[in-house]
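Structural overview for review
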Amino acid sequence: MNKFRIPTMFPIKIIFFFFIFISFVIAQQSQWQRGIGTAAGTDIEAIRMKALNNARADALSKAGITIKAGDARLVSESKNNFTDFYSKFAESSTRGIILEEKIIREGELKKVKGTTYEIEIEIEAKVAIQQGEPDPTFTVKCESSKQIVKENEAFTLTVTSTKAGYLTIFNVFQDSLSVVFPNSIDKKNSIEANKQFVFPPHKAYELAMALPEGKTSSSEMFIAVVTVENIPFPNPEQITFVNGAVGLRSEQLNVYAQWLYKINLNKRSSDQIPMAVK
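Residues numbered from 1 in each chain as written. Predicted model: local features only at pLDDT ≥ 70, side-chain atom pairs only at ≥ 80, totals over all residues. Heavy atoms only, no water.

A few points about the nonpolar core
- In terms of nonpolar packing, the biggest core is built from 24 residues, with Phe-155, Val-159, Leu-167, Ile-169, Phe-199, Met-209 and Phe-222 touching the most fellow members.
- Not counting chain neighbours up to four residues away, the residues in contact with Phe-155 comprise Ser-144, Ser-145, Val-149, Pro-200, Leu-207, Ala-208, Met-209, Phe-222 and Met-275.
- Counting residues in each nonpolar core, the second largest holds 19 residues, with Leu-177, Phe-233, Val-255 and Tyr-256 among its members. (Core = buried A, V, L, I, M, F, W, Y, C linked by side-chain atoms within 4.5 Å. Buried < 20%, exposed > 50% of the residue type's maximum accessible area, 1.4 Å probe, protein only. Contact = heavy atoms within 4.5 Å.)

Dropping the structure here:
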């Protein structure tokens, strides 16, 4: 039986750059904004990520998009707030979305007190307003058989949608994401309304998570997006077998944001679930 492991099992992440054409209409509805974000804490990797997400939130705010304080959904092992990208960068139900971004300034780490450090990051972000209004009758629920798992421990995801459509499941780790479903093994991704879909759908492989090198715990997220029409994510044939395990390719988050932007708000719905591996 093959293990379907998440990309953190690989010591090096390969990010494939996709050049997606943005139409003149999208260009007219988007604007570049600068955003500044700061964060402090003891986990250097986590505070850098939080500062970047705060900069994204600041850019969205300057474009007139309100980000609620309660949008942070992930908590790191040190219990500091770990604001995930999905809330402040590519949330599928908010009106604003970041299509492109670039870091224009990253300050040096400043020691605040003891082992606590602070960092400031400034970005330029291309912010666009999403089209349409969310359909209140179209909801998606994503649940996991376990929210805290041991390394390489198998678990399943269950997705239920109030409307029939096409399901895409993403795994998000730090600033990259991978498509878990559909894949080259299970290409058919249509689901029925109000009927539970369990992933993996059979016993040909298992879903498991691996720790990043040198870490004793990690936080990640799974996102289930259901679209009314079949709009494939631009990354076909993701799965490859490596030493008996199934490997996945990672993408930049702006590829995901651009994919979402092309889908009208009332033609899609989503849910997300944080996962911890220890």
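Here we look at the pattern of salt bridges
- On inspection of all chains with the given rule, the structure shows 12 salt bridges.
- Note that Asp-58 is salt-bridged to Lys-62, the shortest N-O span being 3.4 Å. Taken as a pair, Asp-58 and Lys-62 lie in helix H2 (residues 44–62) at a separation of four residues, close to a single helical turn.
- A relative accessible area of 22% places Asp-58 in the partly exposed class.
- Measuring nitrogen to oxygen at the nearest pair gives 3.6 Å for the salt bridge that ties Lys-195 to Glu-192.
- Taken together, the salt bridges that share partners define one network made up of Arg-34, Lys-102, Arg-105, Glu-120, Glu-122 and Glu-124. (Salt bridge = Lys/Arg side-chain N within 4 Å of Asp/Glu carboxyl O. Helix = DSSP H or I, 4+ residues; strand = E, 2+ residues; numbered from the N terminus.)

A short note on unusual backbone geometry
- Omega for the bond connecting Phe-181 with Pro-182 falls within 30 degrees of zero, at 0°, which places this linkage in the cis form.
- Residue position: Pro-182 is located in the loop between strand S13 (176–181) and strand S14 (190–191).
- Residues Phe-199 and Pro-200 are joined by a peptide bond in cis, for which omega reads 0°.
- By the element assignment, Pro-200 lies in the loop between strand S15 (197–199) and strand S16 (205–208).
- A positive phi angle, close to 70°, is found at Asn-152, a residue other than glycine.
- Along the polypeptide, Asn-152 turns up in the loop between strand S10 (148–149) and strand S11 (157–161).

Observations regarding the environment of Glu-100
- Tracing the backbone shows Glu-100 in strand S6 (residues 96–106).
- Residues Glu-100 and Asn-254 lie 154 residues apart in sequence; the distance between their C-alpha atoms is 5.8 Å.

Observations regarding the sheet that holds S11
- Read across the sheet, three strands follow the order S9-S11-S15 without closing on themselves; strand pairing throughout is antiparallel. Of all the strands in the sheet, the pair left with one neighbour each is strand S9 (140–144) and S15. Neighbour-to-neighbour, the strand axes of this sheet turn through a mean angle of 20°, independent of strand direction.
- As paired elements, S11 and S15 share three bridges and run antiparallel to each other. Along S15, the bridge assignment pairs Thr-158 with Val-198. (Pairing = 2+ DSSP bridges. Axes fitted to C-alpha atoms, helices over the stretch in contact; angles between N-to-C directions.)

Function cannot be inferred from these measures alone, as they are strictly geometric.
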